[in-house]
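Letter by letter, the chains look like this.
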Amino acid sequence: MTNILEYMKDNILYLDGGMGTLLQDSGLLPGEHPEMWNLTHPEVIEKIHKDYFDAGCNVVNTNTFGANSLKFPLPQLEEIVAAAVENAKRGRSASSTPQQKFVALDIGPCGKLLKPYGDFEFEAAVELFAEIVRAGVKCGVDLIFIETMSDSYETKAALLSAKENSDLPVFVSNAYGEDGKLMTGASPAAMTALIEGMGADAIGANCSLEPKQLTGVVDELLANASIPVMLKPNAGLPKEEAGKAVYSTLPDEFASDIAKAIGKGVRVAGGCCGTTPEYIREIVNKTKGMKPIPVKAKNITCVSSYTHAVKFEQAPVLIGERINPTGKKRFKQALKENDIDYILQEGINQQERNVHILDVNVGLPEIDEVEMLKKAVFELQAIINLPLQIDTADPVAMEAALRLYNGKAMINSVNGKESSMEAIFPLVKKYGGLVVALTLDENGIPETAEGRVKIAKKILSRAAEYGIDKKDIIFDTLAMTVSADSKAAKATLEALNVIKNELGCHTSLGVSNVSFGLPNREAINSTFFACALEKGLSAAIMNPYSGGMMRTYYSYNALHDLDENCAEYINFASLYEEAPQTAAVTTKAASSKEQYKSDLQKAIVKGLKEQAGEITKELLSAVQPLEIIQNEIIPALDIVGKGFEEKRVYLPQLLMSAEAAKSSFEVIKTFMASSGKASIDKCPVVIATVQGDIHDIGKNIVKLLLENYGFKVIDLGKDVAPELVVNAVIENNAPAVGLSALMTTTVPAMEETIKLLKEKAPWCKIVVGGAVLNQEYSDRIGADKYAKDAMETIRFADDIK
């Protein structure tokens, strides 16, 4: 059989469609696990696979979307996967159509939110997915298909598991919302940086939306990806017709939209929820004779965080240098004392000064650098959405940090020494990253530009042997102090010019090194910065508190048509005139400061848990607990909540703010308990993920926010039977209940729960949420409120408290 990657080079690859809706039509009961049908109804699964192959698809996904050891014991999981693969293979054998046919191991989300936003460890997720991968590989699947991931971190865990436990092709598809981002905030460009950087073979979007609604996502993927792009949308969302759930986009319209996407460059296409073999047949017919558009290398140099990508293009990139102990007595003290809040505050301060990337260096001989670097990266990413430059000379610390980094990191650094390249390049290849390459080797730093360029060429050659393209290498030509060598700056700038403009590589410099030992260092630094920018400098590791450096940056952009209407320069200049010592602070930063009425509000908004708790302890000596809640905590949560609703703040920031508020609340509750004061809980709210569904991410987010707004939450967990929900409502006399479902196959269980609640507890208001729901479907199953996100649930509960 032809290798799937070879086949894709010259052909459009057709995927299958939905599974869950077809199983429901075949008799799958509410709350029943679809994966069990691989064992109990193999003939049904085999026929579905055969029907998709007969419709013309090339790839069927095994019926393992929700299969993992959180739901099934490992021996049973392996049995289910083996049966699922065998059913797909039998479906393939039974189909007589002539096209190439492949069986993909389907891996869906695990149903848990990873730390720091949830309670599931990253490495636990890696192992969870590894169990599925190993079972599928053992049974002889042709590829691994990771789909419907709504969190970049979970996506990384699944992809890492696939790459570490197999050498099969890996396709990765994410579920984007109407705002064109993942639930946890990642843009398609950010996901491309992460997924392509880690070596996936195709990238795409599936589920949640119909084809037209995913147009913007597809366009962004096509603009950024140098690997094939996939599209596997829903047939719209369900609506009721004659008492039956029917999807809004019919096969003809669906296939026409897919054909348009293929005409733009999509190479892999199929369907998700609500689609059937008829949909796939229409796609195949409407695209018959279409030639696939070749996949072109985009040559984009970038890094990413969990929300966005930072591209190295015309405008210079600023890398904040302040998270580094070199020459910083207070920072060294913070490292020795494990004062992580000091490090976080330094990161926040630099973010407010508009740097694009944060350098993170915690190397001190007196501490465990591996553990401290892991902690710093983990905690910084929890509250700051900037990409990080991981800065260490220890390859062990580097790998530890890269492994848990949520995005495509900047890696500082490699150099021309063979030992360095042998240690660092495998890490770049495995985890993805943009690596800073220092132009030095075993003989030290060449005095001449020619010597540094020669080392750069050697580094490029060795990187290519590891499969690392020059777009993922950024050269540092090493700024040396001019007080020791008057020709040093000239050599640095000449080498930079050749590397950027002749070798076609991006460049970076630690600018402030040039002025060491001289008076008025800022004058030298900012002038050297301007010289380097004119030579083609792409990025500078610099001090964003320096007015001179920031003045050069904004002036350069204004003079090079990189600042529309000189708006950023004018803004900077006006602030500098008012307060030169804080000239780097922009209106954006200033306005964000104005909205905080106190240090506690800022700590909560920024997600600083320890700081929020400490400030609350201090306040309780003079302020009543209820006043702190009403005047400090709730307003802070409202600031973040409003930002979330307006799409200015994303889920991770919302959750970390809620955690900070929780820290403050815990201090208040402890204080009130010790002083004998009454509880401050509002009315009880029962929440549950419905029977048959193990995905409790949405429910857990709602729980955290409800608790922070003062509600007493009775959390029944996941896969909860309707009777248990009703009993909890009655026992607690709860005026509200929240029900969650992610899978189409579990919506009937939600409907059954609502029906029983209406009968047994008619006073209780019901709010529902989940990716497969909409207002119309919510109305059909009898809910009182459809909440499209967690904050809508809070507003609903507040109205009925």
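It should be emphasised that the depicted structure is a prediction, and the values quoted were computed from it without experimental measurement.

Considerations on the nonpolar core
Then, in step 1: Phe129, Ile146, Ile390, Phe475, Phe529, Ile633 and Leu706 are the most contacted members of the largest nonpolar core, which has 212 residues in total.
Then, in step 2: Ranked by residue count, the leading element in this core is helix H26 (residues 651–675), at 11 residues.
Then, in step 3: Membership of the second largest hydrophobic core comes to 28 residues, among which are Val729, Val747, Met750 and Ala761.

Here we look at the sheet that holds strand E6 (residues 202–206)
Then, in step 1: An order of E1-E10-E7-E6-E5-E4-E3-E2 is seen for the 8 strands of this open sheet, with the pairing classed as parallel. Each of the sheet's edge strands pairs with one partner strand only, and the pair in question is strand E1 (13–14) and strand E2 (59–61).
Then, in step 2: Relative to strand E4 (residues 143–149), strand E3 (residues 102–107) runs parallel, the two being bridged by 4 bridges. Residue pairing in the sheet places aspartate 106 in a bridge with phenylalanine 145 of E4.
Then, in step 3: Packing of helix H4 (residues 42–54) onto the sheet brings it into contact with E2 and E3, and relative to E2 it is tilted by some 155°.
Then, in step 4: Helix-sheet contacts for helix H9 (residues 215–224) involve E6 and strand E7 (229–232), and the interaxial angle to E6 is about 170°.

A few points about the environment of isoleucine 300
Then, in step 1: Among the structural elements, isoleucine 300 can be located in the loop between helix H11 (277–286) and strand E11 (302–304).
Then, in step 2: Along the chain, isoleucine 300 and lysine 232 lie 68 residues apart, while their C-alpha atoms are 25 Å from each other.

Regarding the packing of helix H27 (residues 697–708) against helix H31 (residues 790–800)
Then, in step 1: Between H27 and H31, the shortest axis-to-axis distance is 9 Å and the interhelical angle comes to 45°. Between H27 and H31, the crossing angle belongs to the class labelled oblique. As H27 packs across H31, the resulting crossing turns out to be right-handed. Contacts between H27 and H31 pair Ile701, Val702, Leu705 and Leu706 from the former with Ala790, Met791, Thr793, Ile794 and Ala797 from the latter.
Then, in step 2: Partitioned by chemical class, the residues of the contact of H27 with H31 number 8 nonpolar, 1 polar and no charged.

Quick word on helix H23 (residues 599–606)
Then, in step 1: Among the 8 residues that make up H23, 6 are buried, leaving the element largely enclosed by the rest of the structure.
Then, in step 2: Every buried residue of H23 is accounted for by Leu600, Gln601, Ala603, Ile604, Val605 and Lys606.
Then, in step 3: Those residues of H23 that are buried lie in contact with helix H13 (340–352), helix H14 (369–383), helix H24 (609–619), helix H25 (625–645) and H26.

Notes on the sheet that holds strand E23 (residues 736–740)
Then, in step 1: Within the open sheet, the 5 strands sit side by side as E22-E21-E23-E24-E25. Their pairing is parallel. The outermost strands of the open sheet, each flanked by one partner alone, are strand E22 (712–715) and strand E25 (785–786).
Then, in step 2: Alignment of E23 against strand E24 (residues 765–769), held across 5 bridges, turns out to be parallel. Bridge pairing in E24 places leucine 739 opposite valine 768.

A few points about the pairing of strand E15 (residues 388–391)
Then, in step 1: Here E15 shows two buried faces, one formed by Leu388 and Ile390 and the other by Gln389 and Asp391.
Then, in step 2: Two strands pair when backbone bridges link them, and strand E14 (residues 357–360) and E15 are joined in this way by 3 bridges, in the parallel orientation. Within E15, the residue paired with aspartate 359 across the bridge is glutamine 389.
Then, in step 3: In this view, the connection linking E14 to its parallel neighbour E15 by way of H14 has right-handed handedness.

What about the packing of aromatic side chains?
Aromatic ring pairs are defined here through the distance separating the ring centres and the angle between the ring planes.
Then, in step 1: The full count for this structure, using the stated rule, is 9 aromatic pairs.
Then, in step 2: Ring geometry for tyrosine 7 versus phenylalanine 102: centroids 6.1 Å apart, planes at 55°, classification tilted. Taken together, the residues tyrosine 7 in helix H1 (residues 4–10) and phenylalanine 102 in strand E3 connect sequence positions 95 residues apart.
Then, in step 3: Here a set of aromatic residues connected by ring pairs shows up, and it is made of Tyr553, Tyr554 and Phe572.

Quick look at the environment of asparagine 525
Then, in step 1: Checked against the element boundaries, asparagine 525 lands in helix H19 (residues 521–535).
Then, in step 2: Judged by relative accessible area, asparagine 525 falls into the buried class, the value being 9%.
Then, in step 3: When the C-alpha atoms of asparagine 525 and valine 435 are compared, they prove to be 24 Å apart, with 90 residues separating the residues in sequence.
Then, in step 4: Apart from residues no more than four positions distant in its own chain, asparagine 525 is found in contact with Val511, Ser512, Val514, Ser515 and Met549.

Re the pairing of strand E21 (residues 684–689)
Then, in step 1: Within E21, 6 of the 6 residues are buried, which leaves the element mostly enclosed by the surrounding structure.
Then, in step 2: Residues Pro684, Val686 and Ala688 of E21 are buried on one face, and the alternating residues Val685, Ile687 and Thr689, pointing to the opposite face, are buried as well.
Then, in step 3: Note: E21 against E22, 4 bridges, orientation parallel. Bridge assignment links isoleucine 687 to a residue of E22, and that residue is aspartate 715.
Then, in step 4: In this fold, E21 hands off to H27, which returns the chain to E22; that crossover is right-handed.
Then, in step 5: In the sheet, E21 pairs with E23 via 5 bridges, with the strands oriented parallel. Looking at the pairing, valine 686 lines up with valine 737 of E23.

Definitions and limits used
- Every residue gets a number counted from 1 within its own chain, in the order that chain's sequence is written.
- Per-residue local features of the predicted model are confined to residues with pLDDT of at least 70, and side-chain atom pairs are confined, for both listing and counting, to 80 or more; whole-chain, interface and lining totals are unaffected and use all residues.
- For side-chain calculations, the full set of non-hydrogen atoms in the structure is used, while hydrogens and water are omitted.
- Nonpolar cores were defined as sets of buried Ala, Val, Leu, Ile, Met, Phe, Trp, Tyr and Cys residues, with membership established by side-chain atoms within 4.5 Å.
- When a residue's accessible area, from a 1.4 Å probe over protein chains only, is under 20% of the maximum for its type it is buried; when over 50% it is exposed; and in between it is partly exposed.
- The secondary structure listing takes helices from DSSP runs of H or I that are at least 4 residues long and strands from runs of E that are at least 2 residues long, numbered from the N terminus.
- By the convention used here, strands pair only if DSSP detects at least 2 bridges between them.
- Only heavy atoms matter for contacts: two residues are in contact if any of them lie within 4.5 Å across the pair.
- What counts as an axis is a line fitted to C-alpha atoms, over the stretch in contact for a helix, and the angles between N-to-C directions run from 0 to 180 degrees.
- Oblique is the label for any angle not covered by the other classes, which are roughly parallel (under 35 degrees), roughly antiparallel (over 145) and roughly perpendicular (65 to 115).
- Take the far helix as your reference; a near helix turned counterclockwise from it by less than a right angle gives a left-handed crossing, and one turned clockwise gives a right-handed crossing.
- Gly counts as polar in this scheme, as do all residues outside two lists: the nonpolar Ala, Val, Leu, Ile, Met, Phe, Trp, Tyr, Cys and Pro, and the charged Asp, Glu, Lys and Arg.
- Handedness of a crossover: with both strands directed away from the viewer, a clockwise path from the first strand across the helix to the second marks it as right-handed.
- Stacked, tilted and edge-to-face pairs are distinguished by plane angle, under 30 degrees for stacked and over 60 for edge-to-face with tilted covering the rest, among Phe, Tyr and Trp rings (Trp via its six-membered ring) whose centres lie within 6.5 Å.

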